[in-house]
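Survey of secondary and tertiary structure
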Amino acid sequence: MGREMMMQGILLERIEAFLKEADMPPSVFGRAAVHDPRLVSDLRGGRICGRAVICRAEHFMNKWRADFRAGRVTPIGDRRVGTRAGRRVGDPANKSRRA
């Protein structure tokens with residue numbers, strides 16, 4: 001059981017670092033990575049994830065970083081303050097409206 005707890009701790013540390021790097025709210029990450037908006041809050045509360053969830057979260061972070069370096073995504077930001085990043089560059093929903 002100790003090994004699983006260590007893996008969960010490492011996963012949570014990696015996700016926390018990613019959230020800062022991507023300027024992404026935890027619920028947005030969970031929804032985008034594993035279709036579970038409570039993933040990060042549950043991990044913070046001690047949730048134990050299976051290998052599939054860990055792999056999907058890691059894959060999402062790696063793909064996002066690659067897409068970011070290639071200029072295909074922008075940092076997510078907090079949608080409550082009006083930013084709409086994390087969308088594909090060139091996505092019509094990512095254009096700002098001007099009067």
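Everything that follows concerns the structure shown earlier in this document.
Here's what I pulled together on the structure shown here. (Residues numbered from 1 in each chain as written. Predicted model: local features only at pLDDT ≥ 70, side-chain atom pairs only at ≥ 80, totals over all residues. Heavy atoms only, no water.)

1. Structural notes on the packing of helix 2 (residues 26-34) against helix 4 (residues 51-69)
- At a minimum axis separation of 9 Å, helix 2 and helix 4 run at an interaxial angle of 110°. Accordingly, the angle class assigned to the pair helix 2 and helix 4 is roughly perpendicular. Taking contact as the criterion, the partners of F29, A32, A33 and V34 in helix 2 are, on helix 4, V53, R56, A57, F60 and M61.
- Among the residues forming the contact of helix 2 with helix 4, the class breakdown is eight nonpolar, no polar and one charged. (Axes fitted to C-alpha atoms, helices over the stretch in contact; angles between N-to-C directions. Helix = DSSP H or I, 4+ residues; strand = E, 2+ residues; numbered from the N terminus. Parallel < 35°, antiparallel > 145°, perpendicular 65-115°, else oblique. Contact = heavy atoms within 4.5 Å. Nonpolar A, V, L, I, M, F, W, Y, C, P; charged D, E, K, R; others polar.)

2. What about the packing of aromatic side chains?
- Within this structure, the stated rule accounts for five aromatic pairs.
- Where F18 meets F29, the ring centres are 5.7 Å apart and the plane angle is 55°; that geometry is what we call tilted. Taken together, the positions of F18 in helix 1 (residues 2-22) and F29 in helix 2 put the pair eleven residues apart, joining distant regions of the chain. For the residue pair F18 and F29, the accessibility class agrees, reading buried in each case.
- Measuring from ring centre to ring centre gives 5.4 Å for F18 and W64, while their planes differ by 90°; the resulting arrangement is edge-to-face. (Phe/Tyr/Trp six-rings, centres within 6.5 Å; stacked < 30°, edge-to-face > 60°. Buried < 20%, exposed > 50% of the residue type's maximum accessible area, 1.4 Å probe, protein only.)

3. Details of helix 4
- Between its first and last C-alpha atoms helix 4 spans 27 Å; for 19 residues at 1.5 Å apiece the expected length is 27 Å, and the two agree.
- Where helix 4 is buried, its residues meet helix 1, helix 2 and helix 3 (39-44).
- Looking one or two residues past helix 4, G71 carries a phi angle of roughly 80°, positive in sign. (Expected span 1.5 Å × (residues − 1).)

4. Quick notes on the nonpolar core
- Judged by nonpolar contacts, the single largest core of 22 residues is most densely connected at I15, F18, M24 and F29.
- Elements represented by at least two residues in this core include exactly helix 1, helix 2, helix 3 and helix 4.
- In this structure, F29 is in contact with I15, F18, L19, M24, L39, V40, A57, F60 and M61, ignoring residues within four places of it in sequence. (Core = buried A, V, L, I, M, F, W, Y, C linked by side-chain atoms within 4.5 Å.)

5. Digging into the pattern of salt bridges
- Tallying each qualifying case throughout the model produces eight salt bridges.
- Across the pair E21 and R65 runs a salt bridge whose closest N-O atoms are separated by 3.0 Å. Of this pair, E21 sits in helix 1 while R65 sits in helix 4, and the two are 44 residues apart along the sequence.
- What makes E21 partly exposed here is its relative accessible area of 42%.
- Two residues, R72 and D67, come together in a salt bridge whose shortest N-O distance is 2.9 Å.
- Here D67 falls in the buried class, since its relative accessible area comes to 6%.
- One network of salt bridges, in which partners are shared, links D36, R38, D42 and R47. (Salt bridge = Lys/Arg side-chain N within 4 Å of Asp/Glu carboxyl O.)

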